[in-house]
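Chain by chain, the residues:
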Amino acid sequence: GIRRKGEQRNRRQRQEKMALMLSVRRTGMVLAARAACARSSTSGVSGFDERERAAETLWFNKREEKVLRELLQKIKMQADTHDSVNAPAVVAAETKALKAICPGASDAEVQKLLDWKHTAF
């Protein structure tokens, strides 16, 4: 009820803060790299700085996308197991998939694997 909504709101706020921190961090790194490039610029080659900045921006964008995708995947897994409405269906689907992979596994072993999955990743 109310407690669960509060937990979800807090989790969402933490996620937003994390995304903001990553964005600020990326911006700081870009500015520092640009300042370093400006100091050691090769003035004889025209267009070199622009291409270098474009490549740098592309690298940071790809890196940031990878980090955010990993974060989103972790958040989704946590939400799937803590969501009171959808959690039973997710747990049932995961249990069914594990039993298909390991048909001889006991219920306790399946539960240990699920617990490990949700705490280790």
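Cut-off values and rules
- Residues numbered from 1 in each chain as written.
- Predicted model: local features only at pLDDT ≥ 70, side-chain atom pairs only at ≥ 80, totals over all residues.
- Heavy atoms only, no water.
- Helix = DSSP H or I, 4+ residues; strand = E, 2+ residues; numbered from the N terminus.
- Contact = heavy atoms within 4.5 Å.
- Areas by Shrake-Rupley, 256 points an atom, 1.4 Å probe, with all protein chains shown as cover.
- Expected span 1.5 Å × (residues − 1).
- Buried < 20%, exposed > 50% of the residue type's maximum accessible area, 1.4 Å probe, protein only.
- Arc of directions from axis to C-beta.
- Phe/Tyr/Trp six-rings, centres within 6.5 Å; stacked < 30°, edge-to-face > 60°.

Visitor: I tried to follow the overall build of the protein on my own but got confused; where do I start?
Guide: In terms of helices and strands, the protein carries 4 helices and 0 strands. Considering only contacts within the protein whose residues lie at least 6 apart along the sequence, 48% involve residues at least 24 apart. Of the accessible surface of the protein, which amounts to about 9,500 Å², a share of 60% is contributed by carbon and sulfur atoms.

Visitor: Please explain helix α3 (residues 87–101) as it appears in this structure.
Guide: Residues spaced three or four apart along an α-helix point in a common direction, a consequence of the helix completing one turn every 3.6 residues. Under the 1.5 Å per step criterion, the end-to-end length of α3 is 21 Å for 15 residues, consistent within 8% with the ideal 21 Å. Among the residues of α3, Ala87, Val90, Glu94 and Leu98 are the ones counted as buried. Relative to the axis of α3, the buried residues are bounded by an arc of 65° and lie together on one face. Across from the buried face of α3, at angles greater than 90 degrees, the exposed residues are Pro88, Ala89, Lys96 and Ala100.

Visitor: Would you mind showing me how to read the packing of aromatic side chains here?
Guide: Both the distance between ring centres and the angle between the ring planes are used here to describe each pair of aromatic rings. Overall, the coordinates contain 1 aromatic pair when judged by the stated rule. Plain terms: the ring middles of Trp59 and Phe60 are 5.0 Å apart, the flat faces sit at 80° to each other, and that makes the pair edge-to-face. The exposure class of Phe60 is buried, given its relative accessible area of 10%.

Visitor: Just checking my understanding: could you explain the environment of Thr27 for this structure?
Guide: Locating Thr27 in the fold gives a position in helix α1 (residues 2–39). Take Thr27: its relative accessible area is 39%, and that puts it in the partly exposed class. The spacing of Thr27 and Phe60 is 33 residues in sequence and 9.3 Å in space, taken between C-alpha atoms.

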